[in-house]
Amino acid sequence: MRTTINTIFKTPKKTLCLLLALLFLMPSGTAQDENSLTLGIISVTSQYMNPLVPVEREFRSLQSLVYESLVTIDDDYLPQPNLAERWESNEDCSTWYFYLRDGITFHDGTPLTARDVVNTVKTILSIKDSTENPGAYASLQYFVKNITASDKRTVVISTNRQNIAFPYAMTFPVLPSSQVQAENPVGTGPYFVEKFNPKEFVILSANQSWWRGIPKVDTVMATFHTTNRDLMTSFEYNRVDAILTRSLNAAQYRGGTSSINLAVRTHQLETLQMNNTVRELNDVRVRKAIRYAINVDELLSLAYLDMAQRADTPMLPGTWTYSDMPELFQFNPEKAKALLDEAGWVDSNGDGTRDKIIDGKNANLVLRFLVYEEQDNSVRTLAANKISSMLHAVGITCNISLVSYETAKARLKARNYDLCLAAFNMDPVPDPGFLLMSRNTCNYTAYASKEMDNLFSELRSTTKQENYRNILFQIQSLFAEDCPFVCLYYRRGAILSRTLFTKVRDLREPEALKGIAEGL
């Protein structure tokens, strides 16, 4: 009977293979096979290689060596052909045609067909409907209205969003039709799974029949660690050649001479959410004052040790989607004070907290500030304390509450908060409507703007890239003007390595290991 990802398996714990045992017994400084790579990552919960199942962030980078997508995004953040050699749409972009490359096979030798793409998409959509955690590709539900295979090499998709950015949604991994729910399905990528022991290790071997050519590195072995401390120790003692991490401890290797520190861009946007419905924050002048009072560059340096990239809007900095408006986002505490004065918030009794007469009663400018933490990482609490100190300097007092992620999410949904330091995983498709459109899924600020809604409606019916970019710029300009919340930065990860193994200029999740197969 074929096993599926919907089945719970009970298997006896396997011992580490001899290769792994020998690896950890090697003395410090022992040279590794120059045609192999031993990588360390954090992995505690991932049980399957199937990329459609929700897994840990770093684990997805391993999966990207095994599974490939129709479309890939290049260093300039533009969609490029991958398994699909080309694509086209009808005039209004309501129907798209993706033409598969000829001669591509999965690791077991079966040919890639359009039917495989169709069944992969249908499985992604079914996972979205049947599980609490729909996985990394659940946004396909907003793009795919119907998908069919008109022949073995042609995929036809009718879409709910008729715009030029649709190819960005086609970056999901493609699996064989017969294995879409298998634990460890085969892929088309440069490596296949030789051996996988969850929570211990995985060995990936080169796919000699890879359509791009024989991989330059024969074997990639990943050993799994439970904590960042253990991961860093493995690197320091030469137990691994490289590690992939988001630990701030990686910053200490930035200037080292014996190792290379490669920055990895994540899709995690850190924001300061502001409840636009509470009386203190329904005035845009107060929200802008908060924005002016926060020294983002200082936060990056002191809290994140520069392992983050400043972002004043929800779009990715340094890409064609990003509108750089530094004059609107400068740290300016005097401007913040002036705006608070203008809004009627003054420190009438000299106690350091601004106050105001509201409905005949004196009200203090005191805000409830929610913070939740990630496991094995206290950086968000440190950042919140620094933000609180910055706001206090202009007369705003914050009462910080450290809560669980589940509690923070529930209170955001109920709008039972004033401020909240919260992160969002941004979709590859350049469209932040889920944060900014009225009553949308993650619009926790209760921001409502008919002008903003109209801009997104226009964006999602735009068939020219230049027009799309212009509307994105208008959206960011209105975001700056209305200031529904504060964008802070995109988190960064790092690859610490003893050798340079890739020439990719813009390493980013989930393809942080991109370029290993091609070599330098």
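Remember, it's a predicted structure, so these values are computed and weren't measured experimentally.

About the criteria used
- Residues numbered from 1 in each chain as written.
- Predicted model: local features only at pLDDT ≥ 70, side-chain atom pairs only at ≥ 80, totals over all residues.
- Heavy atoms only, no water.
- Axes fitted to C-alpha atoms, helices over the stretch in contact; angles between N-to-C directions.
- Helix = DSSP H or I, 4+ residues; strand = E, 2+ residues; numbered from the N terminus.
- Parallel < 35°, antiparallel > 145°, perpendicular 65-115°, else oblique.
- Left-handed = near helix turned anticlockwise from the far one by under 90°.
- Contact = heavy atoms within 4.5 Å.
- Nonpolar A, V, L, I, M, F, W, Y, C, P; charged D, E, K, R; others polar.
- Pairing = 2+ DSSP bridges.
- Salt bridge = Lys/Arg side-chain N within 4 Å of Asp/Glu carboxyl O.
- Buried < 20%, exposed > 50% of the residue type's maximum accessible area, 1.4 Å probe, protein only.
- Arc of directions from axis to C-beta.
- pLDDT = per-residue confidence, 0-100.
- Core = buried A, V, L, I, M, F, W, Y, C linked by side-chain atoms within 4.5 Å.
- Phe/Tyr/Trp six-rings, centres within 6.5 Å; stacked < 30°, edge-to-face > 60°.
- Lys NZ or Arg CZ within 6 Å of the ring centre and 35° of its normal.

Some remarks on the packing of helix α11 (residues 450–459) against helix α12 (residues 465–482)
Relative orientation and spacing of two packed helices are given, respectively, by the angle between their axes and the distance between those axes.
Right, on to step 1. One way to put it is that α11 packs onto α12 with a least axis distance of 10 Å and a crossing angle of 165°. Relative to α12, the element α11 lies roughly antiparallel. In terms of crossing hand, the pair formed by α11 and α12 is left-handed. Together, E451, M452, L455, F456, E458 and L459 of α11 and Y468, I471, L472, Q474, I475, L478 and F479 of α12 make up the contact between the two elements.
Right, on to step 2. When grouped by side-chain class, the residues that make up the contact of α11 with α12 number 10 nonpolar, one polar and two charged.

What to know about the sheet that holds strand β7 (residues 154–159)
Right, on to step 1. Pairing in this open sheet of four strands is antiparallel, and the strands run β4-β5-β7-β6 from one edge to the other. Pairing within the sheet leaves two strands with one partner each, and these edge strands are β4 (84–89) and β6 (144–151). Sheet twist, expressed as the average angle between the axes of neighbouring strands with direction ignored, equals 20°.

Quick look at the packing of helix α5 (residues 284–293) against α12
Right, on to step 1. The interhelical angle for the contact between α5 and α12, taken along N-to-C directions, is 100°, at an axis separation of 8 Å. One way to sum up the angle between α5 and α12 is to call them roughly perpendicular. Note on element contacts: α12 touches α5 through F479, A480, E481 and D482, opposite V284, R287, K288 and R291.
Right, on to step 2. The residue makeup of the contact of α5 with α12, split by class, is three nonpolar, no polar and five charged.

Quick notes on the pattern of salt bridges
Right, on to step 1. Inspection of every chain in the model, using the stated rule, returns 18 salt bridges.
Right, on to step 2. In this structure, R460 engages D431 in a salt bridge whose closest nitrogen and oxygen atoms are separated by 2.7 Å. Highlighted residues: R460 in the loop between α11 and α12 and D431 in the loop between β18 (419–425) and α10 (433–436), separated in sequence by 29 residues. Residue R460 shares its accessibility class with D431, and that shared class is buried.
Right, on to step 3. Here R508 makes a salt bridge to D506, at a shortest N to O gap of 2.5 Å. Across the pair, D506 and R508 agree in class, each one buried.
Right, on to step 4. Counted as one network, the salt bridges with shared partners bring together R161, D431 and R460.

What to know about the environment of G493
Right, on to step 1. Looking at the element boundaries, G493 is found in strand β19 (residues 485–497).
Right, on to step 2. Overall, G493 belongs to the buried group, its relative accessible area being 5%.
Right, on to step 3. Considering only alpha carbons, one finds G493 and L316, 177 residues apart in sequence, at a separation of 15 Å.
Right, on to step 4. Filtering out sequence-adjacent residues up to four positions away, G493 remains in contact with T245, R246, L262, A263, V264, T266 and M307.

Section: helix α4 (residues 228–236)
Right, on to step 1. Where α4 is concerned, the buried positions are N228, L231, M232, S234 and F235. In a view along the axis of α4, the buried residues occupy a sector of 155°, so they form one face of it.
Right, on to step 2. Downstream of α4 by a residue or two, N238 has a phi angle that is positive, lying close to 60°.

Quick word on the pairing of β19
Right, on to step 1. Here β19 lies mainly inside the structure; 12 of its 13 residues are buried.
Right, on to step 2. In the sheet, strand β11 (residues 242–245) pairs with β19 via four bridges, with the strands oriented antiparallel. Within β19, the residue paired with I243 across the bridge is L496.
Right, on to step 3. Bridge count for strand β13 (residues 308–310) against β19 is three bridges, and the pairing is antiparallel. When the bridges of β19 are listed, R310 appears paired with Y489.

Brief notes about the confidence of the model for the protein chain
Right, on to step 1. Of the residues in the protein chain, 90% have a pLDDT of 70 or more, and the chain-wide mean is 89.
Right, on to step 2. In the model, residues 1–32 has pLDDT below 50 throughout and makes 53 contacts with residues more than four positions away in sequence or in other chains.

Comments concerning the nonpolar core
Right, on to step 1. Core analysis: the largest hydrophobic core is formed by 103 residues, its most contacted members being L70, F98, M170 and F172.
Right, on to step 2. When residues no more than four places from it in sequence are discounted, the contact partners of M170 are S69, L70, V71, F98, L140, V144 and I157.
Right, on to step 3. If you look at the next biggest cluster of nonpolar residues, it comprises 55 residues, including V240, V296, L339 and L340.

Observations concerning the packing of aromatic side chains
Right, on to step 1. Under the counting rule described, the total for this entry stands at 15 aromatic pairs.
Right, on to step 2. Geometrically, the ring pair formed by F424 and F434 is edge-to-face, given 6.4 Å between the ring centres and 70° between the ring planes. Residue F424 is located in strand β18, and its partner F434 is located in helix α10; the two are separated by 10 residues in the primary sequence.
Right, on to step 3. Judged by relative accessible area, F424 falls into the buried class, the value being 7%.
Right, on to step 4. Aromatic rings pair up to connect W87, W96, F98, F143 and F166 into one cluster.
Right, on to step 5. Lying across the ring of Y99, R86 places its NZ or CZ 4.0 Å from the centre.
Right, on to step 6. Over the ring of F143 we find R161, and its NZ or CZ is 4.9 Å from the ring centre.

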